Protein chains: 2
Amino acid sequence: MRILVVEDEPGIANFLRDGLTEESFAVDVAENGNKGFELASTNDYDLVLLDWMIPGLSGIEVCRQIRKSNSLVPIIFLTAKDTVSDTVFGLEAGANDYIRKPFQFEELLARIRVQLRTKEGEQNILSLGSITMNLGTHQVFSNSKEVELTQKEFALLEYLIRNKNKVCTRTRIIEHVWDIHFDADTSVIDVYINFLRKKLHDVSAKSFISTVRGVGYIARDL
Amino acid sequence: MRILVVEDEPGIANFLRDGLTEESFAVDVAENGNKGFELASTNDYDLVLLDWMIPGLSGIEVCRQIRKSNSLVPIIFLTAKDTVSDTVFGLEAGANDYIRKPFQFEELLARIRVQLRTKEGEQNILSLGSITMNLGTHQVFSNSKEVELTQKEFALLEYLIRNKNKVCTRTRIIEHVWDIHFDADTSVIDVYINFLRKKLHDVSAKSFISTVRGVGYIARDL
DNA sequence: GCACTGTTTTAAGCAAATTTTAAGAAACTT
DNA sequence: AAGTTTCTTAAAATTTGCTTAAAACAGTGC
């Protein structure tokens, strides 16, 4: 899942980047409003975190512009202001939620999950056949036996399962899981598919990730 | 579907070639404006991706020349510039759309599909009789049973179905699906028609691809 | 600051599937 | 029946993906 963070204070920006990366999100940071809108309009993010007070276009403006361009990406405001009118103003501009600074990272995470859930019509649990992922606790179970996955393995599996029964092309995988947008001549996907198959294969019945030659991979529901 | 990419940076050019090939397009790359125009004027592309800043003729010039030669092929600009006047300039030169670098591959793909759709009046799903193709997921169903096709098989079937009820000559097939423009003394089409018939025949009622002797093949809607 | 641990990426040889070539059999045309 | 054209099959050539090992990197504790 790709998240755009629009935040000028480097401390907070880094804090968010690191924390969200730990949670297996692919994070881009924009340090002002113009950059933020540019990135938002040229990329396909799954969620946007938007600081209210930023140089260039204000957060509200960025939010309006994004909505004007017909994007429904969930937007969460980070705001130091706390008067009711301001938050209402933000929500009316098209934001989905807001959180006041200083905030607890856990709370932010919870709100992010809520937005992603409503977007995808899912809970915190993803499943495919006998495999279950708990996004909240970062645990993966295969036949109710826990399997330890690394960050990248987890992120790749999440992407595959969110798109289950659809072919995921190499290009899309490298963009959504690795956040790489050019020069895709790497075999890192092959290697991670291999990791996942090894870790999940002997536990669940059959190799549930099939290869679609010349295109990518597909995780099938049976 | 044939796409011409006019782009000088090898990294981006390769990225585009690979990504578009994954999506079953036949891709040619020109590394400068003159080559680009030469290819565009001597070939029948379904779409042109044109970088703005390229050696030789500028992207704008190539676009103008193409339009001057009375071609209506859809043209999408790739541009690093982002002032409104520039893009308007590009669109006035006869381009159909533009996308700013750096871009998300999926967004580019969406824009390409929009151009091809308006051109062909179709969505992401193609169908013929009991056969359905999902271009987004690269899946083919025959009587709602999935059939596994390779890249070339998929591309050939797509071409036949996009031109259903029209005779597709061998020359056009070899040009649009294989991107070969000389020396058509190959029997590769015969072989692939055979593959398709075998894979789809026993599932759907009758052989839906008929041979038109001396000319080519036709996929009929019944 | 350095060694240790685990993760991620790169690279290379091998295996497997796809794509192309080729050639004889079959079908159609004249 | 002769001459084309297409079909079918098999094998060669090529491409793509799998697997493994090692290198690069990051984080932790001493």
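Whatever comes next refers back to the structure up there.
Just so it is clear, the structure is predicted and the values come from calculations on it, not from any experiment. (Residues numbered from 1 in each chain as written. Chains lettered and ligands numbered in written order. Predicted model: local features only at pLDDT ≥ 70, side-chain atom pairs only at ≥ 80, totals over all residues. Heavy atoms only, no water.)

Draft legend 1. Inspection of the protein's contact with DNA strand C at higher detail. Around DNA strand C there are 21 residues in total, and Thr150, Gln151 and Trp178 of chain A together with Thr150 and Trp178 of chain B lie nearest to it. The sugar-phosphate share of atoms of DNA strand C within 4 Å of the protein amounts to 65%. Between DNA strand C and Thr150 of chain A, the relevant distance is 2.3 Å, taken from a phosphate oxygen to a side-chain nitrogen or oxygen of the residue. Within the residue set of the surface near DNA strand C, elements represented by two or more residues are α6 (151-162) and α8 (188-201) of chain A together with α6 (151-162) and α8 (188-201) of chain B. Broken down by element, the surface near DNA strand C gets its largest block of residues, four residues, from α8 of chain A. Grouping the constituent residues of the surface near DNA strand C by class yields nine nonpolar, eight polar and four charged. (Near = heavy atom within 4 Å. Polar contact = N/O pair within 3.5 Å; in protein donor to acceptor, adjacent residues only side chain to side chain. Helix = DSSP H or I, 4+ residues; strand = E, 2+ residues; numbered from the N terminus. Nonpolar A, V, L, I, M, F, W, Y, C, P; charged D, E, K, R; others polar.)

Draft legend 2. Inspection of the environment of Leu200 of chain A at higher detail. Residue and element names in this part refer to chain A. Along the chain, Leu200 turns up in helix α8. Note on Leu200: relative accessible area 0%, which makes it buried. Excluding residues within four positions of it along the chain, Leu200 makes contact with Ile131, Val140, Ser142, Val147, Leu157 and Phe208. (Buried < 20%, exposed > 50% of the residue type's maximum accessible area, 1.4 Å probe, protein only. Contact = heavy atoms within 4.5 Å.)

Draft legend 3. Expanded view of the interface of chain A and chain B. Taken together, the contact pairs 24 residues of chain A with 22 residues of chain B. Of the roughly 2,100 Å² buried where chain A meets chain B, counting both sides, 48% is carbon and sulfur surface. The largest per-residue losses of area from chain A upon contact with chain B belong to Thr42, Arg172 and Phe182 of chain A, which jointly make up 28% of the total buried on that side. Along the contact surface separating chain A from chain B lie three salt bridges. One salt bridge connects Arg220 of chain A with Glu148 of chain B, and the closest N-O pair in it is separated by 3.5 Å. If you list the elements that add at least two residues to the side of chain A that touches chain B, you get α2 (33-42), β10 (167-169) and α7 (170-176) of chain A. Take the side of chain A that touches chain B: its biggest share by element is five residues, from α7 of chain A. Considering only residue class, the side of chain A that touches chain B consists of five nonpolar, nine polar and ten charged. (Buried area = accessible area lost by both parts, 1.4 Å probe. Salt bridge = Lys/Arg side-chain N within 4 Å of Asp/Glu carboxyl O.)

Draft legend 4. A look at the sheet that holds strand β4 (residues 75-79) of chain A. Residue and element names in this part refer to chain A. With parallel pairing, five strands are arranged side by side in an open sheet as β2-β1-β3-β4-β5. Where the open sheet ends on each side, the last strands, each with one partner, are β2 (26-30) and β5 (97-100). Here the strands of the sheet are splayed against their neighbours by 20 degrees on average, with no regard to which way each runs. (Pairing = 2+ DSSP bridges. Axes fitted to C-alpha atoms, helices over the stretch in contact; angles between N-to-C directions.)

Draft legend 5. Here's a closer look at the pattern of salt bridges. By the definition in use, this model includes 18 salt bridges over all chains. In this structure, Arg64 of chain B engages Glu61 of chain B in a salt bridge whose closest nitrogen and oxygen atoms are separated by 3.5 Å. On the criterion of helical spacing, the pair formed by Arg64 of chain B and Glu61 of chain B is a turn pair, its members being three residues apart in helix α3 (residues 59-68). Bridged by salt links that share partners, the residues Arg2, Asp28 and Asp179 of chain A form one connected network.

Draft legend 6. Seen up close, the packing of aromatic side chains. Residues and elements named next belong to chain A. Tallied over the full model, the rule gives eight aromatic pairs over all chains. Ring centres of Tyr192 and Phe195 lie 5.0 Å apart, and the angle between their planes is 75 degrees; this geometry places the pair in the edge-to-face category. Of this pair, Tyr192 and Phe195 both sit in helix α8, three residues apart, which is roughly one turn of the helix. Judged by its relative accessible area of 32%, Phe195 is partly exposed. (Phe/Tyr/Trp six-rings, centres within 6.5 Å; stacked < 30°, edge-to-face > 60°.)

Draft legend 7. Just the protein's contact with DNA strand D, in detail. Taken together, 21 residues are adjacent to DNA strand D, and Asn194 and Tyr217 of chain A together with Asn194, Thr211 and Arg213 of chain B come closest. Here DNA strand D approaches the protein such that, of its atoms within 4 Å, sugar and phosphate make up 75%. Between a phosphate oxygen of DNA strand D and a side-chain N or O atom of Arg170 of chain B, the distance comes to 3.4 Å. The separation between a phosphate oxygen of DNA strand D and a polar side-chain atom of Tyr217 of chain B is 2.6 Å. Going through the elements one at a time, α8 of chain A together with α8 of chain B are the ones with two or more residues in the surface near DNA strand D. In terms of residue class, the surface near DNA strand D is built from five nonpolar, six polar and ten charged.

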